[in-house]
Amino acid sequence: MRNIATCYSEHAIKVSDSYCSGSSNLAYLNPKLNHPSIPNEVTCIYKAKFSNQTQLLISLTWFSNLAPGIRVGQELRCSEFKRLKKNKGTETFRSCGFKVDVFWDFSEAKYGVGPEPIKGFFVIVLVESEPGLILGDKQDNENVQGKFSLVSRNERYSFGHYSYSTKAKFCDNGMVHEIVVKCGRGEEEKDLEGKEQKGSRINPVLSVCIDRKTIFEVKRLRWNFRGNQAIFLDGLVVDMMWDVHDWFFNTTSGCAVFMFRTRTGLNSRLWLEENILEEQNKEEERAEFSLLICACKNPD
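Conventions we followed
- Residues numbered from 1 in each chain as written.
- Predicted model: local features only at pLDDT ≥ 70, side-chain atom pairs only at ≥ 80, totals over all residues.
- Heavy atoms only, no water.
- Helix = DSSP H or I, 4+ residues; strand = E, 2+ residues; numbered from the N terminus.
- Buried < 20%, exposed > 50% of the residue type's maximum accessible area, 1.4 Å probe, protein only.
- Contact = heavy atoms within 4.5 Å.
- pLDDT = per-residue confidence, 0-100.
- Core = buried A, V, L, I, M, F, W, Y, C linked by side-chain atoms within 4.5 Å.
- Disulfide = S-S within 2.5 Å.
- Salt bridge = Lys/Arg side-chain N within 4 Å of Asp/Glu carboxyl O.
- Pairing = 2+ DSSP bridges.
- Axes fitted to C-alpha atoms, helices over the stretch in contact; angles between N-to-C directions.
- Polar contact = N/O pair within 3.5 Å; in protein donor to acceptor, adjacent residues only side chain to side chain.

**Focus: the overall build of the protein chain**
Stage number 1. Each helix and strand in the protein chain was counted, giving three helices and 20 strands.
Stage number 2. Looking at the protein chain residue by residue over its 300 residues, the buried ones come to 49%.
Stage number 3. Residue pairs at least 24 apart in sequence account for 50% of intrachain contacts in the protein chain once pairs closer than 6 positions are excluded.

What follows is the structure, given as C-alpha cells:
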C-alpha cells in the first residue's frame, strides 16, 4: 500500500466541513442493521512514565484464538514479543535493556463481542520493579499504581460485513465516543450524460457516525478511495483518514484502513512522509491518540 500522505495529496478528496457536538441533518445509520464486524485482533499501546523520567511504550495485543502478547520498549518494533500462554501466571524477561515483570489472571475473565476481556481479569506490568501498566478490575494488590495513558488502538478485522463499530476516548478528560464506519450500497455508475453504463457496478458510499450521528458521507467511493475529514470533537481536531484502494483494486489482500488521530493544533501537519505503523511507534514523542481500523473486506 502506498503512503497515505502521498496519495492524499495526489488523489484524495478533501471535506472541509467540521463536526461540533450538536444536532445533525443526516440520519444515523444503525450498526445493528448490518451486524457490525467483530475484530479478531486488537492492539493497545500505552505510554508509561516512571519516577526517573523514563518513558516507555507498552503494547498489549489481544487475539481471538491465541493467547495475548506484550511488548515493552522505547521503540516497539525493536522490542521482544512475549506471549502470555496461561490463563494465570507471571513472566520475567528483558526487553531493550529493561527488566520486565508481568503478572496476569484471565481465569475468570468475561468477554464481550471482541477478543478483549471486559471484567474479571488483571494485567500488571513492572519495569525495573516499578509499576508501568495496570489493567483490569481483579487485582491481587489494589495499592499498585502506575502512571500511563493509552496513545494508540489498532483493530484488525480478517473478514466481516460492511459495518465496523468501536468506542474510543480521544483525550484523558474527554468522553467515550461510539464510532461506526460503514460502507453501504450507492448508486449505479453513470456516464458523462448521466446515463447508467452497461454492466456498471454499484458504487459504495462510506459513512462515518459518531455518537449516533452521521458526521459525513463519501459518495462514489470507488473513485474517492482515499481522503481526509477534519472533525472537531471534545475541543480537539481529529483527522479521520480512509484508504479503501485495495478493496477495489487489489485482489490478493483487499485490506482497507480507517484512521482517527488527534492533532495538537489547527496548523499542525496532517501526515508526515512515513508509514502508518512507523507513526504508531513514535507516539511517545507527541501527546496524541490514534485509532486505526484495518478491515480486510472487499465490498461487492
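**Describing the confidence of the model for the protein chain**
Stage number 1. Considering every residue of the protein chain, the mean pLDDT works out to 77; 70% of them sit at 70 or more.
Stage number 2. This model gives residues 270–277 a pLDDT under 50, and the stretch forms 27 contacts once residues within four places in sequence are excluded.

**Quick look at the environment of Gln-145**
Stage number 1. Structurally, Gln-145 is set in the loop between strand E11 (130–136) and strand E12 (147–157).
Stage number 2. With residues near it in sequence (within four places) discarded, Gln-145 still touches Pro-131 and Ile-134.

**As for the nonpolar core**
Stage number 1. Ranked by size, the top nonpolar core spans 30 residues in total, and within it Ile-231, Trp-247, Phe-258 and Phe-260 carry the most contacts.
Stage number 2. Counting residues in hydrophobic clusters, the runner-up holds 25 residues, among them Leu-84, Val-123, Leu-133 and Leu-135.

**Quick notes on the state of the cysteines**
Stage number 1. Here the structure, examined in full by the defined rule, presents one disulfide.
Stage number 2. Across the disulfide from Cys-255 sits Cys-296; the S-S distance is 2.2 Å. On the S-S bond that ties Cys-255 to Cys-296, the torsion sits near 80°, and the link is right-handed. In this pair, Cys-255 is assigned in strand E19 (residues 255–263) and Cys-296 in strand E20 (residues 290–296), connecting sequence segments 41 residues apart.
Stage number 3. Looking at Cys-296, the relative accessible area reads 25%, which means it is partly exposed.

**What about the pattern of salt bridges?**
Stage number 1. Going through the model one piece at a time under the given rule, you end up with seven salt bridges.
Stage number 2. A salt bridge links Glu-91 to Lys-82; its shortest N-O distance comes to 3.9 Å.
Stage number 3. The salt bridge involving Arg-226 is made with Asp-243; its shortest N-O contact spans 3.0 Å. Note that Arg-226 is positioned in strand E17 (residues 226–233) and Asp-243 in strand E18 (residues 236–243), a separation of 17 residues in sequence.
Stage number 4. Taking the relative accessible area as the measure of exposure, Arg-226 reaches 7% and is therefore buried.

**Here we look at the sheet that holds E11**
Stage number 1. Read across the open sheet, the four strands follow the order E6-E7-E10-E11; overall the sheet is antiparallel. Sheet topology places strand E6 (88–95) and E11 at the edges, where each strand pairs with a single neighbour. Averaged over all neighbouring strand pairs, the angle between strand axes comes to 15°, with direction disregarded.
Stage number 2. Relative to E11, strand E10 (residues 122–127) is paired through six bridges, and the arrangement is antiparallel. Within the sheet, the bridge partner assigned to Leu-126 lies in E11 and is Pro-131.

**A closer look at the pairing of E10**
Stage number 1. Most of E10 sits out of view: six of its six residues are buried.
Stage number 2. Here E10 shows a buried face lined by Phe-122, Ile-124 and Leu-126 and a second buried face lined by Val-123, Val-125 and Val-127.
Stage number 3. Examined bridge by bridge, strand E7 (residues 98–105) and E10 share six bridges and lie antiparallel to one another. Considered in E10, the bridge of Val-102 is made with Val-125.

**Side note on the pairing of strand E14 (residues 176–184)**
Stage number 1. Here strand E13 (residues 163–169) runs beside E14; their pairing, made up of seven bridges, is antiparallel. Each bridged residue has a counterpart across the sheet, and for Lys-169 the counterpart in E14 is Val-176.
Stage number 2. Taken together, E13 and the strand that follows it, E14, pair antiparallel across an intervening segment of six residues.

**Description of unusual backbone geometry**
Stage number 1. The phi dihedral of Glu-128 falls on the positive side, at around 50°, and the residue is not glycine.
Stage number 2. Within the secondary structure, Glu-128 is located in the loop between E10 and E11.
Stage number 3. Despite not being glycine, Arg-220 shows a phi value in the positive range, around 50°.
Stage number 4. Summarising the element assignment, Arg-220 is placed in the loop between strand E16 (213–218) and E17.
Stage number 5. Of the residues examined, Arg-220 reaches a relative accessible area of 40% and is grouped as partly exposed.

**Some details on the side chain of Asn-224**
Stage number 1. With respect to the helices, strands and loops of the structure, Asn-224 is situated in the loop between E16 and E17.
Stage number 2. What makes Asn-224 buried here is its relative accessible area of 18%.
Stage number 3. Here the side chain of Asn-224 touches Lys-219 through a polar contact of 3.0 Å, landing on its backbone oxygen.

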